[in-house]
Amino acid sequence: MCGIVGYIGDKQAAPILLEGLSKLEYRGYDSAGLAVRDGDKKVKVVKSKGRLSGLAEKTNDGKSLKGNCGIGHTRWATHGEPSETNAHPHVADDGTVTAVHNGIIENYQELKEKLQRHDYNFYSQTDTEVVVKLIDYYYKKYQVGPIDALAKTMVRVRGSYALVVMFADYPGEIYVARKDSPMIIGVKDKECFVASDVPAILNYTRDVIYIDNLEMARLSTDGAVFYNLDGDVVPKESSHIDWDAKAAEKGGFEHFMMKEIYEQPKAIEDTINSALNDGKIDLEAMGLKDDIIKDISDITIVACGSAYHVGVAAQYVFEDIARIPVRVELASEFRYRNPILNEKGMVIVISQSGETADTLAALREAKEMGIRTLAIVNVVGSSIAREADNVFYTLAGPEISVATTKGYTTQLVASYLIAIQFAKVRGKIDDKQYDYYLSELKTLPEKINKIIDDKDRIQWFSAKFANAKDVFFIGRGIDYAICLEGSLKLKEISYVHSEAYAAGELKHGTISLIEDGTLVIGVITQPELYEKTVSNMLEVKSRGAYLMGLTSYGHYETEDTANFTVYVPKIDEHFSACLAVIPLQLLGYYFSVARGNDVDKPRNLAKSVTVE
Ligand code: M6R
């Protein structure tokens, strides 16, 4: 999705904006632009289609754009093709208003017609140009200043936006407005930053102020002042972000994805430790006291993509060890089918970014229905984290690669910890089982390191199969949940078609796709389901499939069935997803590398999906 950076201070803005935008490249974009202002001179705008390097070249790395105040943008096309004309910033005809925008203005067509009736002309196909000209219209019509013009615009537009605006009459000031699109304000002595995502400003400041929905702010060298829709000043405190700027850099790895695969043991250890108090799980700090846990009738997990896959795995764990009914829902479907939720139930939303539009909307729907909500989120201060009743923060640090790895495994660990605590508090496991589960969880980091150490075999195998047309993943129970994630990991970055199937379901249709040499990956980490899945693997093998088995050490008989077998260390079966997914992350990675793809920035995808 689009990226935004803005700067006002005592330094040259353009190089800071370019550097900030480069930190947001991972979000996916097709064009970029800068608008910089030198004192009260006219704003200069430079735009370029394609990579950020084009913009850097055009501006001599920002050096040719002089000025201490500026805004920058990377665009991921929604309205109008990727082109220099459609790239942001957009400017009102006489240069009164210049702005960049993330999000979607739903009623832009109607607003455009209104503005055309007032003699406005349009040079681009974007909804952003419409909103810029609407601000210009209100600014000139009412003549009460930027905040008033922005507030009037906010009342008139429908949709989502993070808007960063410069007004010709107000040099040395940047105005922002927000609804349902991520945006943070960074503050430092005599400097202010605005960005759509934390990594863009981490090199300059870690002190941020969160701007809420339907709020505006004025940024200048004197700091940031926040306003509500009535134009009243809203007092705010700044928060300190613990993430290290280095954590958002590649640190010697060729790709962020591999770096993040390697970071999993530490991220998991940190996440486990964050939930422990005196060696026991303590959910009270996140608002889940024992009497609340005892009173919850059922759980609905809502999420998108990999986070949804975490939910599928967590459902097995919760139901098996805590004996509480759980259903798992895709956030994009949940809100459109008038869900029936139990008033004593709890909705758990899972999101790495904390900004996924569908998940955020589902959270709001649950809250409107008066249901308790718990968010498992990685990004501190994100919209979902701020709006949920209770928050479990995963400690994965910044995740840059579009394909999630450490985000996914830390979400799994968070849900395991919650499930174990629910089981204990609700009397479904005794102290011995509780200690056993906890000690098993603590073995994850070391075991993941062991799997990563063995990555060369996966690399070799991936090089051999990288030209595959289709790949199928089959498994039962938790192994099916692992298949879902393995299949997504493969397809999203290698562009090889793949499907995940509950192993028993294959013969109800999909088996007709199996041909000579089709790669089928059988995941078999669940001892009770081992033989059943092996039978399904044999069914496809007898129809010509080439079989890869993914199982735990000890199940060496897998080699009698599979053509190639990958082993992961043994762990309590409830937690096997967290280990078995690692070879599949590596498989996706090496397929992608072998096919010469852009691993960290796969085509058509964005890291954080902030539109529905
Ligand atoms: O930030 P979120 O966890 O809410 O993101 C959800 C999905 O967009 C995300 O998991 C997506 O499926 C990843 N690209 C998968 O690698």
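Source: prediction; values computed, not measured.

## Examining the packing of aromatic side chains
Alright, step 1. Summed over all chains, the structure comprises 21 aromatic pairs.
Alright, step 2. Between Y120 and Y137, the aromatic rings sit 6.4 Å apart at their centres with planes inclined by 75°, giving edge-to-face as the arrangement. Placement of Y120 in the loop between α3 (108–117) and α4 (127–142) and of Y137 in helix α4 is noted, with a sequence separation of 17 residues between them. The exposure classification of Y120 matches that of Y137, with both residues buried.
Alright, step 3. Between the aromatic rings of F461 and F465, the centroid separation amounts to 4.9 Å while the plane-to-plane angle is 35°, which identifies the pairing as tilted. With F461 and F465 both in helix α16 (residues 455–465) and four residues apart, this pair spans about one turn of that helix. Accessibility classification places F461 together with F465 in one group, the buried group.
Alright, step 4. Three or more aromatic residues joined by ring pairs make a cluster, and in this case those are W460, F461, F465, Y546 and F564.
Alright, step 5. Lying over the aromatic face of F122, K133 brings its terminal NZ or CZ to 5.0 Å of the ring centre.
Alright, step 6. In this structure, R603 is placed above the aromatic ring of Y495, and the distance from its NZ or CZ to the ring centre is 3.8 Å.

## Things to note about helix α7 (residues 264–274)
Alright, step 1. Among the residues making up α7, those that are buried are Q264, P265, A267, I268, T271 and I272. The buried side chains of α7 occupy one side of the element, clustering within an arc of 165° when seen end-on.

## Things to note about the nonpolar core
Alright, step 1. Membership of the largest hydrophobic core comes to 94 residues, with the highest contact counts inside it found for F318 and F422.
Alright, step 2. Looking at this core, you find at least three residues from each of domain 2 (250–442) and domain 3 (449–597).
Alright, step 3. Once you skip the residues sitting within four places of it in the chain, F318 turns out to touch I299, R323, I324, V326, I348, S415, I418, A419 and F422.
Alright, step 4. Core analysis: the next-biggest nonpolar cluster, separate from the first, contains 32 residues, Y7, L34, I201 and V208 among them.

## Re the side chain of N102
Alright, step 1. You can see N102 is positioned in strand β6 (residues 97–105).
Alright, step 2. A distance of 3.0 Å separates polar atoms of two side chains, one belonging to N102 and the other to H73.

## Concerning the domain arrangement of the protein chain
Alright, step 1. According to the domain assignment, the protein chain consists of domain 1 (3–246), domain 2 (250–442) and domain 3 (449–597).
Alright, step 2. For domain 2 versus domain 3, the distance between C-alpha centres works out to 25 Å.
Alright, step 3. If you look at the interface, domain 2 gives 32 residues, while domain 3 gives 26 residues.
Alright, step 4. Summed over both partners, the interface of domain 2 with domain 3 comes to about 2500 Å²; 70% of that surface belongs to carbon and sulfur atoms.
Alright, step 5. Broken down residue by residue, the surface that domain 2 buries against domain 3 is led by M258, H309 and Y316, which jointly contribute 20%.
Alright, step 6. Joining domain 2 to domain 3, the criterion identifies zero salt bridges.
Alright, step 7. On the surface where domain 2 and domain 3 come into contact, there are 11 residue pairs in polar contact (both at pLDDT 80 or more).
Alright, step 8. Contributions of two or more residues to the side of domain 2 that touches domain 3 are made by α6 (256–262), α7, α9 (305–322), α13 (406–425) and α14 (431–442).
Alright, step 9. For the side of domain 2 that touches domain 3, the element with the most residues is α9, which contributes nine residues.

## Structural notes on the layout of surface pockets
Alright, step 1. Looking at the largest pocket, its volume works out to about 530 Å³.
Alright, step 2. Surrounding the largest pocket, 26 residues form its lining, C304, G305, A606, K607 and V609 being those nearest its centre.
Alright, step 3. Put simply, the parts of the chain that give the lining of the largest pocket at least two residues each are α9, β20 (346–351), α11 (357–368), α13 and α17 (478–494).
Alright, step 4. Looking at side-chain class alone, the lining of the largest pocket contains 11 nonpolar, 11 polar and four charged residues.

## What about the pattern of salt bridges?
Alright, step 1. Enumeration according to the criterion identifies 31 salt bridges in this entry.
Alright, step 2. Residue D470 pairs with K469 through a salt bridge whose shortest N-O separation is 3.3 Å.
Alright, step 3. For K489, the salt bridge identified is with E492, shortest N-O distance 3.3 Å. Of this pair, K489 and E492 both sit in helix α17, three residues apart, which is roughly one turn of that helix. Taken as a pair, K489 and E492 share a single burial class, namely buried.
Alright, step 4. By sharing partners, the salt bridges in this structure join K179, D180, R364 and E387 into a single network.

Quick notes on the rules
Residues numbered from 1 in each chain as written. Predicted model: local features only at pLDDT ≥ 70, side-chain atom pairs only at ≥ 80, totals over all residues. Heavy atoms only, no water. Phe/Tyr/Trp six-rings, centres within 6.5 Å; stacked < 30°, edge-to-face > 60°. Helix = DSSP H or I, 4+ residues; strand = E, 2+ residues; numbered from the N terminus. Buried < 20%, exposed > 50% of the residue type's maximum accessible area, 1.4 Å probe, protein only. Lys NZ or Arg CZ within 6 Å of the ring centre and 35° of its normal. Arc of directions from axis to C-beta. Core = buried A, V, L, I, M, F, W, Y, C linked by side-chain atoms within 4.5 Å. Domains from an automatic or database assignment. Contact = heavy atoms within 4.5 Å. Polar contact = N/O pair within 3.5 Å; in protein donor to acceptor, adjacent residues only side chain to side chain. Buried area = accessible area lost by both parts, 1.4 Å probe. Salt bridge = Lys/Arg side-chain N within 4 Å of Asp/Glu carboxyl O. 1 Å grid on protein atoms, 1.4 Å probe; cavity = no way out; pocket = protein on both sides within 12 Å on 5 of 7 lines; lining within 4 Å. Points joined across faces, edges and corners; volume = space filled by probe spheres on them. Nonpolar A, V, L, I, M, F, W, Y, C, P; charged D, E, K, R; others polar.

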